Amino acid sequence: MPTCSDCANYTPKGNDSGECRMAGPVPADRDAARCPVRLFVPRPAR
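A brief report on the enclosed structure follows. (Residues numbered from 1 in each chain as written. Predicted model: local features only at pLDDT ≥ 70, side-chain atom pairs only at ≥ 80, totals over all residues. Heavy atoms only, no water.)

1. Things to note about the pairing of strand 3 (residues 24–27)
Phase 1: In the sheet, strand 2 (residues 17–20) pairs with strand 3 via four bridges, with the strands oriented antiparallel. Residue pairing in the sheet places Gly18 in a bridge with Val26 of strand 3. (Pairing = 2+ DSSP bridges. Helix = DSSP H or I, 4+ residues; strand = E, 2+ residues; numbered from the N terminus.)

Structure representation (structure tokens):
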């Protein structure tokens, strides 16, 4: 299952936390289904 760290709106701020561009601080391992305001956007493949 994807996590917040797999989202294009996520910016890492530490090993286990980061910030959602839309909703503020979030844990990196939070399930995408629990994403704040349900704005999960898959990160493009590199």
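2. Observations concerning the sheet that holds strand 2
Phase 1: Spatial strand order, 1-2-3: three strands in an open sheet with antiparallel pairing. Among the strands making up the open sheet, the edge pair consists of strand 1 (10–12) and strand 3. Strand after strand, the sheet turns through a mean of 40° between neighbouring axes, direction not considered. (Axes fitted to C-alpha atoms, helices over the stretch in contact; angles between N-to-C directions.)

3. Things to note about the state of the cysteines
Phase 1: For the structure shown, the criterion picks out zero disulfides.
Phase 2: Among the cysteines around Cys4, which has no disulfide bond, Cys35 carries the closest sulfur, lying 4.1 Å off.
Phase 3: With a relative accessible area of 6%, Cys35 lands in the buried category. (Disulfide = S-S within 2.5 Å. Buried < 20%, exposed > 50% of the residue type's maximum accessible area, 1.4 Å probe, protein only.)

Geometric values such as these leave the question of function open.
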